[in-house]
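Here is how the chains run, residue by residue.
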Amino acid sequence: MKGLWLENNQLQLLTDIPIPEPAPEEALVRVLRAGICNTDLELLRGYYPYTGILGHEFVGVVEQGPENLLNQRVVGEINAVCGYCRFCRRGQPTHCENRTVLGIVNRHGAFAEYLCLPVKNLHPVPENVATEVATFTEPLAAALEIQQQVILSKDDRVLVVGDGKLGQLVAQTLALTGCELLVVGRHQEKLANLKVRGIQTGLVDAVQDRAFDIVVECTGNPEGFAIARRALRPRGTLVLKSTYAGNLSLDASSLVVDEITLIGSRCGSFPPALELLATGKVDVEPLIHAHYPLSQGLLAFEEAQRRGVLKVLLEIGN
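Being a predicted model, the structure only gives us computed values, none of them experimental.

**Some details on the environment of N128**
- Within the fold, N128 resides in the loop between strand 11 (122–124) and helix 3 (131–134).
- The exposure class assigned to N128 is exposed, which follows from its relative accessible area of 54%.
- Between the alpha carbons of N128 and A278 there is a distance of 6.4 Å; along the sequence they are 150 residues apart.
- Separated by 2.9 Å, the side chain of N128 and the backbone oxygen of A278 make a polar contact.

**Brief notes about the packing of helix 5 (residues 165–175) against helix 6 (residues 188–195)**
- Direction vectors running N to C along helix 5 and helix 6 enclose 20°, while the axes themselves pass 10 Å from each other. With respect to helix 6, the axis of helix 5 lies roughly parallel. The hand of the helix 5/helix 6 crossing is right-handed. When helix 5 is examined against helix 6, the residues Q168, A171 and Q172 are found in contact with a partner set consisting of K190, L191, N193 and L194.
- Taken together, the residues of the contact of helix 5 with helix 6 sort by class into 3 nonpolar, 3 polar and 1 charged.

**What to know about the domain arrangement of the protein chain**
- Domains assigned within the protein chain are domain 1 (3–124 + 284–315) and domain 2 (142–264).
- Facing the 13 residues of domain 1 at the interface are 11 residues of domain 2.
- Counting each side, the surface lost to burial between domain 1 and domain 2 is near 1100 Å², with a carbon and sulfur contribution of 58%.
- Viewed at the interface, domain 2 and domain 1 are joined by 0 salt bridges.
- Examining the composition of the side of domain 1 that touches domain 2, we find that 3 residues originate from one element, helix 1 (residues 38–44), more than from any other.

**Some words on the packing of aromatic side chains**
- Per the stated rule, a full pass over the model turns up 1 aromatic pair.
- Look at F111 and F301: their rings are 5.8 Å apart centre to centre, the planes differ by 80°, and that puts the pair in the edge-to-face class. Pair noted here: F111 is in the loop between strand 9 (106–107) and strand 10 (114–118) and F301 is in helix 10 (residues 297–304), with a separation of 190 residues, a long-range link. Accessibility assignment for this pair places F111 and F301 in one class, buried.
- The ring of F87 is capped by R90, whose NZ or CZ atom sits 6.0 Å from the centre of that ring.
- Lying over the aromatic face of F212, R157 brings its terminal NZ or CZ to 4.8 Å of the ring centre.

**Remarks on the sheet that holds strand 13 (residues 180–185)**
- Taken in spatial order, the 6 strands line up as 14-13-12-15-16-17 in an open sheet, and their pairing is parallel. What marks the edges here is a single partner per strand, and that holds for strand 14 (200–203) and strand 17 (261–264). Strand-to-strand twist across the sheet, computed as the mean angle between neighbouring axes with direction ignored, equals 20°.
- Taken together, the 4 bridges between strand 12 (residues 157–161) and strand 15 (residues 212–217) define a ladder with parallel strand orientation. What sits directly across from V158, in strand 15, is I214.
- Along the sheet, helix 6 makes contact with strand 13 and strand 14, crossing strand 14 at roughly 170°.

**Overview of the UniProt feature "domain: Alcohol dehydrogenase-like N-terminal" (unreviewed entry) in the protein chain**
- Annotation from UniProt places "domain: Alcohol dehydrogenase-like N-terminal" (unreviewed entry) at residues 24–127.
- Between the end C-alpha atoms of residues 24–127 the distance is 28 Å, and the span holds 11% helix and 38% strand.

**Structural notes on the pairing of strand 19 (residues 311–315)**
- Taken across its 5 residues, strand 19 has 4 buried, putting it largely inside the fold.
- Sheet topology places strand 3 (residues 26–36) next to strand 19; 4 bridges connect them, and they run antiparallel. Of the residues in strand 19, the one forming a bridge with A34 is L314.
- Each parallel crossover has a hand, and the one from strand 18 (residues 288–293) via helix 10 to strand 19 is right-handed.

Parameters and conventions
- Residues numbered from 1 in each chain as written.
- Predicted model: local features only at pLDDT ≥ 70, side-chain atom pairs only at ≥ 80, totals over all residues.
- Heavy atoms only, no water.
- Helix = DSSP H or I, 4+ residues; strand = E, 2+ residues; numbered from the N terminus.
- Buried < 20%, exposed > 50% of the residue type's maximum accessible area, 1.4 Å probe, protein only.
- Polar contact = N/O pair within 3.5 Å; in protein donor to acceptor, adjacent residues only side chain to side chain.
- Axes fitted to C-alpha atoms, helices over the stretch in contact; angles between N-to-C directions.
- Parallel < 35°, antiparallel > 145°, perpendicular 65-115°, else oblique.
- Left-handed = near helix turned anticlockwise from the far one by under 90°.
- Contact = heavy atoms within 4.5 Å.
- Nonpolar A, V, L, I, M, F, W, Y, C, P; charged D, E, K, R; others polar.
- Domains from an automatic or database assignment.
- Buried area = accessible area lost by both parts, 1.4 Å probe.
- Salt bridge = Lys/Arg side-chain N within 4 Å of Asp/Glu carboxyl O.
- Phe/Tyr/Trp six-rings, centres within 6.5 Å; stacked < 30°, edge-to-face > 60°.
- Lys NZ or Arg CZ within 6 Å of the ring centre and 35° of its normal.
- Pairing = 2+ DSSP bridges.
- UniProt positions renumbered as here; feature names shortened; annotations may be inferred.
- Right-handed = clockwise from strand over helix to strand, strands pointing away.

Below, the structure written as structure tokens:
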């Protein structure tokens with residue numbers, strides 16, 4: 001099969017990768033669409049020493065698996081867990097000590113014609129959700145995870161720093177809580193996607209220092225972190241939603257003096273994300289920048305790395 005293979009920070013299109021054999025309690029999924037996200041780009045830059053097929057945002061069709069899922073469109077949670085380590089026993093499987101992670105840690109990913117995942121990771125896509133829309137399930141679930149970690153009220157002043165793919169999803173989900181929300185970025189055309197939904201937006205120079213109760217940093221760069229930290233009031237909460245390829249310098253003393261709560265936020269639950277897509281409460285279509293066939297995957301990655309580009313989708317199957 002064809003697939004995008006990463007090795008020694010070099011990406012290549014291979015055409016002779018064996019079709020994977022599903023392990024017990026796993027399914028073989030034929031990939032239809034897959035999205036390039038910032039984590040894929042960070043892996044390319046050396047964020048984590050990964051070798052194999054990239055990609056973890058996908059929609060596919062089950063070709064081998066339980067009868068109730070055969071020929072069904074599905075999306076898949078990316079962490080394949082052991083079920084018996086201390087985190088699994090505590091109900092925190094995304095931190096499983098023995099996990100593999102689709103396209104990220106010891107498990108080949110979605111930028112290929114086929115992938116394998118545990119059956120329990122798979123979720124059917126509602127009939128009224130288009131395939132390209134369903135590719136956003138994983139990042140939308142990640143955006144929703146914030147609301148599992150932080151209690152939000154209508155009185156909270158909340159800032160989202162970053163108008164990229166993740167920032168836009170975080171903004172749309174936070175807006176549903178009714179909090180006092182501001183989203184800042186550097187691209188008026190991206191912020192316009194949120195403005196039409198009634199979300200308050202501004203450029204980064206609109207941020208008032210020490211004015212926000214909760215700040216979500218979605219840029220993945222040190223400048224975005226500095227803006228987020230500066231905007232936070234004492235005893236506020238700073239949510240880090242992005243991965244960073246390099247080390248991040250910060251003033252730890254100021255975190256202590258201001259008694260800041262710092263929260264890392266990663267994966268989330270899929271059913272609430274699918275529900276938002278099915279009911280149209282979140283609009284992801286304006287985030288789609290371009291489509292490329294898998295055979296042009298290297299060009300797709302070049303496009304995805306251009307400054308200001310939103311979501312690039314790979315069309316892999318029909």
